[in-house]
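# Coordinate inspection notes
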Protein chains: 2
Amino acid sequence: MVNERLDKLREKMEELGIDLYYFNTTDYHMSEYVPEYFKTIRYFSGFSGSLATLLVGKEEAVIFVDGRYHLQAERECEPNGIKVVKLGTEGALEPVDYIKEYYPHKLLGIDGKRTSVSFAKKLLKEKIRISDNDIYSDIIEDRAPLKDGEIFELEEKYTGLSRKQKLDMMYYCLSDKVHVLSNLESIAYLLNLRGSDITYTPVFMAYMVIMDKDTYLFCDIKRFSAELLDELYADGVIIRPYDSYYSFLKDIKGRKILLDEEKINYTTYTSLAFNRIMNMRSIVEDMKAIKNPIEQENMKLAHIYDGVAILRFYMWLDGIDKRTINEYDAAKMISKFRLDYKAFDLSFNPIVAYNENAAQMHYSATEDNAKQLDNKGILLMDTGGQYYEGTTDITRTISLGEVDPEIRRWFTIVLKSMFNLSEAVFLKGVASNQIDILARKDIWKQGVNYRCGTGHGVGQTLAVHERIPNIRFSNNPEGTENVELKPGMITSDEPGVYFDNLFGIRCENMLLCKTMYENEYGEFLGFEHLTMVPFDLDLIDKKYLDEDTVNAINRYHETVYLTLLPYLNEEEAQYLRKKTMPL
Amino acid sequence: MVNERLDKLREKMEELGIDLYYFNTTDYHMSEYVPEYFKTIRYFSGFSGSLATLLVGKEEAVIFVDGRYHLQAERECEPNGIKVVKLGTEGALEPVDYIKEYYPHKLLGIDGKRTSVSFAKKLLKEKIRISDNDIYSDIIEDRAPLKDGEIFELEEKYTGLSRKQKLDMMYYCLSDKVHVLSNLESIAYLLNLRGSDITYTPVFMAYMVIMDKDTYLFCDIKRFSAELLDELYADGVIIRPYDSYYSFLKDIKGRKILLDEEKINYTTYTSLAFNRIMNMRSIVEDMKAIKNPIEQENMKLAHIYDGVAILRFYMWLDGIDKRTINEYDAAKMISKFRLDYKAFDLSFNPIVAYNENAAQMHYSATEDNAKQLDNKGILLMDTGGQYYEGTTDITRTISLGEVDPEIRRWFTIVLKSMFNLSEAVFLKGVASNQIDILARKDIWKQGVNYRCGTGHGVGQTLAVHERIPNIRFSNNPEGTENVELKPGMITSDEPGVYFDNLFGIRCENMLLCKTMYENEYGEFLGFEHLTMVPFDLDLIDKKYLDEDTVNAINRYHETVYLTLLPYLNEEEAQYLRKKTMPL
């Protein structure tokens, strides 16, 4: 079946003189998670993972996947005669290098609407000739339609700022410049609107152009209620059809245009050919990274709701024989406790991994392959919910019974590492890649590292991953790792250890950055814990802790107890008291 | 007298149509410390400090000084009718802003040989018209001549690499590019030569051009012995008169020229007008920052010699009534113990500060103003020596008798902070501004900060301050703070606290960066202590230390004892044993 599809594609390529065609896994908005509509690599190769590049030539088709997908791509693609390039292994070429090596001077077809400006520029810099042409959409049969469900308003009691206030701030910052925006989270944030086009992230497909104190929203009008349309109109938002975006852009000439070449597609860029493009991160990303006081209060509430749900899951789990469930069942129950209480959705696909499965950082149990639990060992649960008040993301690693002392030692080191960061105090001016070492230093001292960042930003009833703040130790001047930490920012704090085929441990709290004190030396910042869920006391081996950390854990548990108490019944309160006893 | 001098200068300015003349405190090589010859600001204003800017207009003369020189400039310059701008105070304009404000469209005279390219470019960017003209040298009477003492060779047993090897590396890196170099330390390093033109830094005045596998050294030939000249000739070093440098440059055309605009003067830049200039930090700076194994062994030896000298000073101080000496006497004695043993010079002007004087970070006692000591309180000593084996820099804060418990608390926090950094283990790839927080975090937790970097590089029998590595928490992408730490680099580790009018505490060791272990996670780096001098056990209050730090201090003291032992007599050994008892 895949081969027939590829044959049709090759006919089109032949027709248009295209030697090689390029597919990726993003959408028109450079989204991380995409609607079904954009799963074109699956259609043309059989690969069902979330990240890949597919190159289709006249004689061959080649798929490029990273470490987590090496086996899956082999299984899904090789039967279709597709060559799998396992990135990260010896001699594996990156797509661009592969093109340069095997297709020199050939014409590469791309869908410019699904290719970032920066990637297209990279191709051009490597002297690869490109043709921007969507040749595949006409071929795909029975394609899932783009979603067009209703778009709803997130009330000001949640957002803290009205749409008008946010847009006025944009007009003030932009002055005579034009801002072109296609990032779905930024658009949803600016307009205080939410949708359900993408699983787990309550956004809707739209483009936006802000120009001369007018805001153009490219999104089908039938998706708004009459009342909401009136409001949008009153706030100066002009709605145009989603499909009219590119022709609108072509009428803009001689302007200074602010856009983010990492986040904007190439067709947008070429449609703006007669303007001066200024490549920079959107102001909106920085705006939404700093939560206002109302947003902060709401986020606290969302995390209290989340804490209650997880507590109820703990109680349920404590009461059963673990041998009767598997990882998938546990994940389902966590979701159920969340959705039964206050969450309107999950914020990502739950990761619930038992023992050695937790050593795979991207592990996700399915109904078929889920591992049975037992009354021993450890369970890692990385889950989150969407609330009108905010978005949560929490990881706990708990014991299900007897646990090896070496695992308790490692749990204690990871927990201490999490607190090393959360309890830090630092002068304003410090960037996120300068505090990363606090969460790593004790793990590094053991000669071990976790191969991912320490923390990421989180949206307010938006994407669970935002790139400000971005706590990691890389030093890329183009990246967001060296953006200054500011009061109001929210970050995850999630050190871990992952030992292949043995076990994995991660502890993750969400932290709110805030001013601790101001004096002659300047403004000192620190963090407040948002997550309100106890750590497993049975996994802590006190002999690996210093006094400061013991105090910090005790203070945290006391806060969790006092904060959740008003939301609990008698039995739950007693259970929580036990779970938060001082060390 | 100053006024007569300024009158003569103004006559010259009138003659040449110059409205305003600019003086700074550097030399032709952008050096931090300069020979007497370049103390022109003192000649034209009376100011004797080490850093200032002087602007001379037709009607006024204005001197710009930073915080440490506010009072001194008032005292020395105001009697001469010179206006003092106290930088850092409310409303004080920086020199460039002052020129823009009060001398718009006027012609500014500069000595281009004493102005960095980057500063000249800044003036031009601000649309300030400049005239590169040394109008003052003819006016200065009885000027101290430039030094022209003998230049000597630092043997390969100290440098680890021959001159030929170093130059061959340069030829290899440069290929067809030309490197113009005027930094005195880089030139001395590359040629394995040393001089005595500048106090405390064993360098000599010279320029260098490396081009087409030839090395041109602009330095007077009479300063070399016949034997050394033969050697230099054999290694392909072509010696030209110091004064012929600029005319040599003017003959270079159509080449790619590597130079560091921060470190090269503007006249050099304009002399190379018909070439393509590539502004970058000199490769030599990165080369010399990584000490080779022979250099490392020599540095260790230099620090052992230094440790013996300081130990002898401690013993001497222990034996006297402190009331009989002042800070200046103590500094003299430290220097004496160094120079009597193995040092051939000091590496900087000793800082010896008693009690509240230590709160001034740049305090330096003179014979006249030195404070008398007493048998109580604390003494901060930041001193260093020049050895053929290397350069040292060490700070110890010691008690002279009874000490307030609050001071012992702060000493313990500072000491712990020093060890927090020295005992760190981190993955290769981490930059120096990412480990800074380790030395600051405990001090920040107290709501206090030290307003300076945590560590600086050090030269090998060269300048005591090198800018790689540069441990601070600033985030300037142009700076050296985010240069990756590498095995073989040497840094100081010198956290402190400075409480105005109360006391100051600093602990400083030199550390050698080295590989700790390599495994599946990568290469882990850490530090080895070079400094071999005990910390004052009487100042440590163990209740503020965690177990890890207690162990680190004990390990360090044990190493100091075992390392110095072979160099000590019976009495000294017993004294050291007492000073290095485990906590």
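This structure is a prediction, so every number in the text was calculated from the model and none was measured.

Another aspect to go through is the relation of the copies chain A and chain B. Relative to chain B, chain A is turned by 180° and slid 0.0 Å along the rotation axis, the superposed coordinates differing by an RMSD of 0.0 Å. Such a combination of turn and shift is consistent with a two-fold rotation axis. The rotation axis passes nearest to the C-alpha of Gln434(A) in chain A, at a distance of 2.2 Å. Mapped onto chain B, 100% of the interface residues of chain A again fall at the interface, so both copies present the same surface.

All names here are of chain A. Tracing the backbone through its elements, the reader meets Asp19 in the loop between helix H1 (2-16) and strand E1 (20-23). Among the polar contacts listed, one links the side chain of Asp19 to the backbone nitrogen of Leu107, at a separation of 2.6 Å. When residues no more than four places from it in sequence are discounted, the contact partners of Asp19 are Met13, Val56, Gly57, Lys58, Tyr103, Lys106 and Leu107.

Here the focus is the pattern of salt bridges. Any two side chains of opposite charge can pair, given that their charged atoms come close. All names here are of chain B. Enumeration over the complete set of coordinates arrives at 80 salt bridges over all chains. Between Lys8 and Glu141 there is a salt bridge; the shortest N-O distance is 3.1 Å. In this pair, Lys8 is assigned in helix H1 (residues 2-16) and Glu141 in the loop between strand E6 (129-132) and strand E7 (152-153), connecting sequence segments 133 residues apart. The class of Lys8 is partly exposed, set by a relative accessible area of 39%.

Moving on: the interface of chain A and chain B. As a measure of interface size, the accessible area lost when the parts come together is often cited. On the side of chain B, 32 residues touch chain A, which itself brings 32 residues to the contact. Approximately 2,800 Å² of surface area, both sides summed, lies buried where chain A meets chain B, with 56% of it carried by carbon and sulfur atoms. Applying the counting rule to chain A against chain B returns 14 residue pairs in polar contact (both at pLDDT 80 or more). Elements represented by at least two residues in the side of chain A that touches chain B include exactly strand E21 (426-427), helix H16 (436-445), strand E25 (496-499) and strand E27 (509-519) of chain A.

Let us now look at the sheet that holds strand E19 (residues 390-391) of chain B. Residues and elements named next belong to chain B. Pairing is antiparallel across the open sheet formed by three strands, whose spatial order is E15-E18-E19. A strand with exactly one partner marks an edge of an open sheet, and here the two such strands are strand E15 (345-346) and E19. Pairing of E15 with strand E18 (residues 385-387) involves two bridges; the strand directions are antiparallel. Bridging across to E18, Asp345 finds its partner in Gln386.

Two quantities define a packed helix pair, namely the angle between the helix axes and the distance between the axes. Residue and element names in this part refer to chain A. Orientation of helix H15 (residues 405-422) relative to H16, taken along the N-to-C sense of each, is 155°, at an axis distance of 7 Å. One element, H15, and the other, H16, form an angle in the roughly antiparallel class. In this structure, H15 crosses over H16, and the sense of that crossing is right-handed. Here Ile413, Val414, Lys416, Ser417, Asn420 and Leu421 of H15 lie close against H16, whose contacting residues are Leu438, Ala439, Lys441, Asp442 and Ile443. Partitioned by chemical class, the residues of the contact of H15 with H16 number six nonpolar, two polar and three charged.

Strand pairs in the sheet, formed through backbone hydrogen bonds, run parallel or antiparallel to each other. Residues and elements named next belong to chain B. Read across the sheet, three strands follow the order E16-E17-E20 without closing on themselves; strand pairing throughout is antiparallel. Sheet topology places strand E16 (351-354) and strand E20 (394-399) at the edges, where each strand pairs with a single neighbour. Pairs of neighbouring strands in the sheet enclose a mean axial angle of 10°, with direction left out of account. In this sheet, strand E17 (residues 378-383) lies alongside E16 in antiparallel orientation, the contact comprising four bridges. For Ile351, the partnering residue across the bridge sits in E17 and is Asp382. Packing against the sheet, helix H13 (residues 293-318) makes contact with E17 and E20, and its axis sits at approximately 20° to E20.

Right, let's get into the nonpolar core. Within soluble globular proteins, side chains that are nonpolar generally end up buried alongside one another. Phe426(A), Ile435(A), Phe426(B) and Ile435(B) are the most contacted members of the largest nonpolar core, which totals 166 residues. Membership of the second largest hydrophobic core comes to 54 residues, among which are Leu184(B), Ile210(B), Leu232(B) and Ile239(B).

Parameters at a glance
- Residues numbered from 1 in each chain as written.
- Chains lettered and ligands numbered in written order.
- Predicted model: local features only at pLDDT ≥ 70, side-chain atom pairs only at ≥ 80, totals over all residues.
- Heavy atoms only, no water.
- Least-squares fit on C-alpha atoms with pLDDT ≥ 70 in both.
- Contact = heavy atoms within 4.5 Å.
- Helix = DSSP H or I, 4+ residues; strand = E, 2+ residues; numbered from the N terminus.
- Polar contact = N/O pair within 3.5 Å; in protein donor to acceptor, adjacent residues only side chain to side chain.
- Salt bridge = Lys/Arg side-chain N within 4 Å of Asp/Glu carboxyl O.
- Buried < 20%, exposed > 50% of the residue type's maximum accessible area, 1.4 Å probe, protein only.
- Buried area = accessible area lost by both parts, 1.4 Å probe.
- Pairing = 2+ DSSP bridges.
- Axes fitted to C-alpha atoms, helices over the stretch in contact; angles between N-to-C directions.
- Parallel < 35°, antiparallel > 145°, perpendicular 65-115°, else oblique.
- Left-handed = near helix turned anticlockwise from the far one by under 90°.
- Nonpolar A, V, L, I, M, F, W, Y, C, P; charged D, E, K, R; others polar.
- Core = buried A, V, L, I, M, F, W, Y, C linked by side-chain atoms within 4.5 Å.

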